[in-house]
Amino acid sequence: MRRLLVAGNWKMHGSRDMAAALIGDIVSATDNLQAADVIVCPPFPFLGLAQKLLADSPVALGGQNISEHQQGAYTGEVSAPMLVEFGCRFVIVGHSERRTLYGENDASVARKFAAAQRSKLIPILCVGETLEERERGETEAVVLRQVQSAVDVAGVEAFADAVVAYEPVWAIGTGRTASPEQAQEVHALIRQKISEQDDTIAGDLRILYGGSVKASNAVSLFGMPDIDGGLIGGASLDGDEFLSICRARG
Ligand code: PEP
């Protein structure tokens, strides 16, 4: 069975003190978390603090975004090698907020995916349809196009060291969760798409669900055969709630 992976995306929330308290709660509970791989993705300014606090912990560190460039005159950007220096092993690429608010598209997200891997970071590739796309019956086409654009740039073998997160845009931060069956349907399509190109990689690929996951719905979501964990936004800012999600396995 693929191991459960739970990643907390803090977005642009919190403070230094809050980061220290939250990581402290998570670290003190990790000996009870054998069932899951846990990642925290704080805002960039808190990565140094997080790196120190997580030094002797199995909890991994991730960034929320990276530049597609390695270095250069790109004011305000953060590169993959910089995240590596702060102990990051993972990075989120193509989050829907980056796509809708900052003009990222399939091509730029695919370049970020490849940039992450050049620095040996594991990209968490976010894909997902808007409500309008779902209502027009375009979910499958949109999600598979988003996945395939990363395959086209990086090659299917790149998915041996990558994670995919299916995050329907209408479920992110809205309190409206996809049903386990709706999510399972899309996860199975993603796995099928990769499997047409490499069956072994598809079998091992961890596909996370994200969108208003809470302790109360995590067990039923994680119980689906193709849901291998979650990308957690709001609920990752509450230590007890996040830890309950990490312990959920259907
Ligand atoms: C997210 O930010 O990726 C996310 C899934 O947020 P939330 O859990 O708050 O819906």
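Below is a short write-up of the structure. Note that this is a predicted model, so its numbers are computed, not measured.

## A closer look at the site of the ligand
Right, so step 1: For the ligand, the set of nearby residues contains 14 residues, the closest of which are Lys11, Glu167, Gly173, Ser212 and Gly234.
Right, so step 2: At a separation of 3.3 Å, an oxygen atom of the ligand approaches a polar side-chain atom of Asn9.
Right, so step 3: For the ligand, an oxygen atom lies 2.9 Å from a polar atom in the backbone of Gly233.
Right, so step 4: Burial of the ligand by the protein chains amounts to 95% of its free accessible area of 290 Å².
Right, so step 5: Of the residues assigned to the shell around the ligand, the class counts are 4 nonpolar, 8 polar and 2 charged.

## Here's the deal with the packing of helix α1 (residues 16-29) against helix α11 (residues 239-246)
Right, so step 1: Close contact between α1 and α11 brings their axes to 9 Å; oriented N to C, the two are set at 35°. Handedness of the crossing formed by α1 with α11: right-handed. Residues Leu22, Asp25, Ile26 and Ala29 of α1 lie in contact with α11, whose contacting residues are Gly239, Phe242 and Leu243.
Right, so step 2: Its residues placed into classes, the contact of α1 with α11 shows 5 nonpolar, 1 polar and 1 charged.

## Details of the sheet that holds strand β8 (residues 229-232)
Right, so step 1: In spatial order, the strands read β1-β2-β3-β4-β5-β6-β7-β8; together these 8 strands close into a barrel with parallel pairing. Taken over all neighbouring pairs, the strand axes of this sheet differ in orientation by 25° on average, direction set aside.
Right, so step 2: Inspection of the sheet shows strand β7 (residues 206-210) paired to β8 by 2 bridges, in the parallel sense. Paired with Tyr209 across the two strands is Gly230, which belongs to β8.
Right, so step 3: Contacting β5 (122-127), β6 (163-166) and β7, helix α8 (residues 180-195) crosses the sheet at an angle of about 150° to β7.

## Remarks on the environment of Leu131
Right, so step 1: Mapped onto the elements of the fold, Leu131 is located in helix α6 (residues 131-135).
Right, so step 2: In this structure, the C-alpha to C-alpha distance between Leu131 and Ala165, residues 34 residues apart in sequence, is 17 Å.
Right, so step 3: Apart from residues lying up to four places away in sequence, Leu131 is in contact with Trp170 and Arg176.

## Some details on the environment of Met18
Right, so step 1: Checked against the element boundaries, Met18 lands in helix α1.
Right, so step 2: Its relative accessible area of 26% is what places Met18 among the partly exposed residues.
Right, so step 3: Separated by 218 residues in sequence, Met18 and Ser236 place their C-alpha atoms 12 Å apart.
Right, so step 4: In contact with Met18, other than residues within four places in its own chain, are Trp10 and Leu237.

Criteria and thresholds
Residues numbered from 1 in each chain as written. Predicted model: local features only at pLDDT ≥ 70, side-chain atom pairs only at ≥ 80, totals over all residues. Heavy atoms only, no water. Near = heavy atom within 4 Å. Polar contact = N/O pair within 3.5 Å; in protein donor to acceptor, adjacent residues only side chain to side chain. Areas by Shrake-Rupley, 256 points an atom, 1.4 Å probe, with all protein chains shown as cover. Nonpolar A, V, L, I, M, F, W, Y, C, P; charged D, E, K, R; others polar. Axes fitted to C-alpha atoms, helices over the stretch in contact; angles between N-to-C directions. Helix = DSSP H or I, 4+ residues; strand = E, 2+ residues; numbered from the N terminus. Left-handed = near helix turned anticlockwise from the far one by under 90°. Contact = heavy atoms within 4.5 Å. Pairing = 2+ DSSP bridges. Buried < 20%, exposed > 50% of the residue type's maximum accessible area, 1.4 Å probe, protein only.

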